[in-house]
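# Observations on chain architecture
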Amino acid sequence: MNTFIRWIGIAVVAFIAAPLLIVVPMSFSTAASLQFPPPGWGWQYYQAYFSDPSWLRPTWNSVFIAAMNTLLTMALVVPATFALVRHKFWGKSAANLMMMMPMAVPHIVMAIGYYSYFGELKLVHSKLGVILAHTCLSVPITFLVLSANLKGFDRTLERAARSLGATPRQVFLHITLPILRPGLLISALFAFIQSFDETVVAIFISGRNAETLPRKMFDSIREEADPVIAVISTLLFAIVFAGLIAPSVIKLIRRMTAKTAQQR
Amino acid sequence: MGFKLSTLPDRQNIWPWLLLAPLAIYLALFFLVPLVEVGIMSVTEPPPGLANYERVLTGSLYRKVFLNTFGTALLVTVCCLLVGYPLAYLMSTVSKRAAMAILLLITMSFWTSFLVRTYAWMVLLGNNGPVIWLMQTLGIQDPPPLLFTRFSSTLAMVHILAPYMIMNIYTVMQKIDPSLIRSAESMGAYGRSLFRHVYLPLTAPGIANGSVLVFVICLGFYVTPVLLGSPREQMAAGLIGNQIEQFLAFGLGSAMAIVLLVVTLIILGLYHRRFGLDKLYG
């Protein structure tokens, strides 16, 4: 029984890994369309991606929109999270639910809403419209990550600083913020990725002017399955891999430098 | 200490509201208003009344699409469970290093965009792709078309949503006290009965979390079914998109969207009453 379950587990590992790995060789293929095994190997689709404005413009749009979305989301969510984690007040559970609502509504429903609402406000086909919409969708995940961090915060540190004569402002700037920084960075990262990956709302409201990378990829997959998508997939995949590996690599380097320092 | 006790309650009452106000106003303006607008469109475009809902709830096409959506979501959830449970079990039994390696893979899959993973399945299952190539090499003369079928979209959705299931179940399995299993064994529970009476109930919260999450995401899934599925067997989100993009039938699309929303909220609401929504994504 146990070994049987194990073998299934190993098969599942292959099932999860295979699609992630297949795009890498495909991106170095010379075939004009999807073809396996590839007829030859080369960089041509990497060159195509980095020289084609119809791919670079959406990439830049996505980075810009995600960055603005992150700033706006953090400006709104950070104070609200402090209120919800550190204060007791009437209507708190309703406010908690409000923060989670954008996660419960299917994106296609919001896409129709934005399409018509932003149409009236003349915000359709604009970057501002996409930023405003994405910010709503980023609220729940940012709030979840940040509130988990804030709940684990040891408030005796703040009280100690206060009893030593620090003003509330000083406590916030010199105690609360530095301790909370990793949590703030991670929740900001979640907000950024949420916007950078968001596809459905962007398909309906971004238009040609504010076209995001996921929208361009969606259109391209639907129409012609341009092999450049394999390049972008490989690049995105490499970024995720680097991001996940980075902390342990840094740890390893630190450990090694510490060791060499000791040996001296 | 010289705190003025009389001012404390006042300050405590106003502070949280001041901190919450910007976000509340923002969500009201850019989340609630567009959502309400969908509701309004569903009863005013084109004819004022409930005609759109009548069509959506009784028309044979719409009924077929909603049934198909439910069926697919259920199938995907069950497959995710069948795929996710053994893997989570494997992770909780292998060495810590191996478990970390598998976890890295799952996390990587989780963080890779839906679109990238959908595209990867398109490459894998395409007419010139490795799966067909393998079938031909093995001597299968006329391999059946795999792409743009119910099979391909279901398979891709299972692949895309499995990490949600695996992470939820693994979190629960990790916390199981091994002494519970040992004591059950010492009292004569082995194999199947150990699994049924001890292990399964202990992992039930993870199964519930993962299943609700996968089912709900699948109900509203747009990208993968549209790109990989058969155009004749659409799911609800795809048909809603069609109504808007192709037919400009905002009323009909909105009515379908509201039905989809209500179903989703009922499932999440039941879940919220039982466990609390914040646990779902934690």
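Everything below is about the structure shown above.
Now for a description of the structure that goes with this document.

Here is what the cut-offs are and how they apply
Residues numbered from 1 in each chain as written. Chains lettered and ligands numbered in written order. Predicted model: local features only at pLDDT ≥ 70, side-chain atom pairs only at ≥ 80, totals over all residues. Helix = DSSP H or I, 4+ residues; strand = E, 2+ residues; numbered from the N terminus. Rg over C-alpha atoms; globule rule 2.2 N^0.38 Å. Buried ≥ 20, exposed ≤ 12 C-beta atoms within 10 Å, placed from the backbone. Contact = placed C-beta atoms within 7 Å. Expected span 1.5 Å × (residues − 1). Nonpolar A, V, L, I, M, F, W, Y, C, P; charged D, E, K, R; others polar. Axes fitted to C-alpha atoms, helices over the stretch in contact; angles between N-to-C directions. Parallel < 35°, antiparallel > 145°, perpendicular 65-115°, else oblique. Core = buried A, V, L, I, M, F, W, Y, C linked by C-beta atoms within 7 Å. Bend = angle between axes of the 7 residues up to and from the residue. Left-handed = near helix turned anticlockwise from the far one by under 90°.

Attention now moves to the overall build of chain B. Scanning chain B from N- to C-terminus turns up 13 helices and 0 strands. Shown N-terminal to C-terminal, the secondary structure of chain B runs as helices and strands in the order α-α-α-α-α-α-α-α-α-α-α-α-α. For chain B, the C-alpha radius of gyration of 24 Å lies well beyond 19 Å, the compact-globule estimate for 282 residues. In terms of overall dimensions, chain B has C-alpha extents of about 75 × 65 × 30 Å along its principal axes. Among the 282 residues that make up chain B, the fraction classed as buried is 41%. Taking the intrachain contacts of chain B between residues at least 6 apart in sequence as the baseline, contacts between residues at least 24 apart amount to 75%.

Along chain A, the regular secondary structure elements total 11 helices and 0 strands. Counted from the first residue to the last, chain A has its helices and strands arranged as α-α-α-α-α-α-α-α-α-α-α. Taken over the C-alpha trace, chain A has a radius of gyration of 23 Å; the compact-globule value for 264 residues is 18 Å, which it surpasses by more than 25%. Projecting the C-alpha coordinates of chain A onto the three principal axes gives extents of approximately 75 × 70 × 50 Å. Relative to its 264 residues, chain A shows a buried fraction of 41%. Expressed as a percentage of contacts within chain A between residues at least 6 apart in sequence, the contacts between residues at least 24 apart total 74%.

Another aspect to go through is helix H11 (residues 228-263) of chain A. With 36 residues, H11 of chain A ought to run about 52 Å at 1.5 Å a step, and its terminal C-alpha atoms sit 49 Å apart, in line with that. Turning to H11 of chain A, its buried residues number three or more, namely Val228, Ile229, Ala230, Val231, Ile232, Ser233, Leu236, Phe237 and Val240 of chain A. Turning to H11 of chain A, the residues buried within the fold contact helix H1 (2-27), helix H2 (44-51), helix H3 (53-86) and helix H10 (213-223) of chain A together with helix H4 (96-111) and helix H5 (114-125) of chain B.

Bring the parts together and some accessible area is lost; that lost area is often taken as the interface size. In this complex, chain B contributes 74 residues to the contact, which on the side of chain A involves 65 residues. Counting residues per element, the side of chain B that touches chain A draws most heavily on helix H1 (residues 8-44) of chain B, which supplies 19 residues. In the side of chain B that touches chain A, the residues fall into 54 nonpolar, 17 polar and 3 charged.

We now examine the packing of H1 of chain A against helix H3 (residues 60-93) of chain B. Direction vectors running N to C along H1 of chain A and H3 of chain B enclose 110 degrees, while the axes themselves pass 8 Å from each other. Relative to H3 of chain B, H1 of chain A is oriented roughly perpendicular. Contact residues: H1 of chain A offers Ile5, Arg6, Ile8, Gly9, Val12, Val13 and Phe15 of chain A, while H3 of chain B offers Val83, Pro86, Leu87, Tyr89 and Leu90 of chain B. For the contact of H1 of chain A with H3 of chain B, the residue count by class is 10 nonpolar, 1 polar and 1 charged.

On to the nonpolar core. Of all hydrophobic cores here, the largest spans 144 residues; its most connected members are Tyr114, Val201 and Ile205 of chain A together with Leu161 and Ala257 of chain B. Sequence-distant contacts of leucine 161 of chain B, that is, excluding residues within four places in its chain, are made with Val76, Cys80, Val214, Ile217 and Cys218 of chain B.

Before going further, it helps to examine helix H7 (residues 150-175) of chain B. Each turn of an α-helix holds 3.6 residues, which means side chains three or four residues apart point in the same direction. The end-to-end C-alpha distance of H7 of chain B, which contains 26 residues, comes to 37 Å, matching closely the 38 Å that a straight helix rising 1.5 Å per residue would cover. For H7 of chain B, the principal kink sits at leucine 161 of chain B and spans about 40 degrees; a proline, proline 163 of chain B, occurs within the next four residues.

Turning to the packing of H7 of chain B against helix H9 (residues 191-219) of chain B, a few remarks are in order. Residues and elements named next belong to chain B. Where H7 meets H9, the closest approach of the two axes is 8 Å, and the angle between their N-to-C directions is 155 degrees. Judged on the interaxial angle alone, H9 and H7 are roughly antiparallel. Taken as a pair, H7 and H9 cross one another with a handedness that is right-handed. Taken together, the residues of H9 that come into contact with H7 (itself represented by Met157, Leu161, Tyr164, Met165, Asn168, Ile169, Thr171, Val172 and Met173) are Thr203, Pro205, Gly206, Ile207, Asn209, Gly210, Leu213, Val214, Ile217 and Cys218.

The subject of this paragraph is unusual backbone geometry. Residues and elements named next belong to chain B. In this structure, the amide linkage connecting glutamate 45 to the following residue, proline 46, adopts the cis form with an omega of -15 degrees. Here proline 46 is to be found in the loop between H1 and helix H2 (51-58). Even without being glycine, phenylalanine 148 reaches a positive phi, approximately 60 degrees. With respect to the helices, strands and loops of the structure, phenylalanine 148 is situated in the loop between helix H6 (130-137) and H7. Among the residues examined, phenylalanine 148 registers 18 C-beta atoms within 10 Å and is labelled partly exposed.

In short, the description is geometric, and any link to function would need to be established separately.
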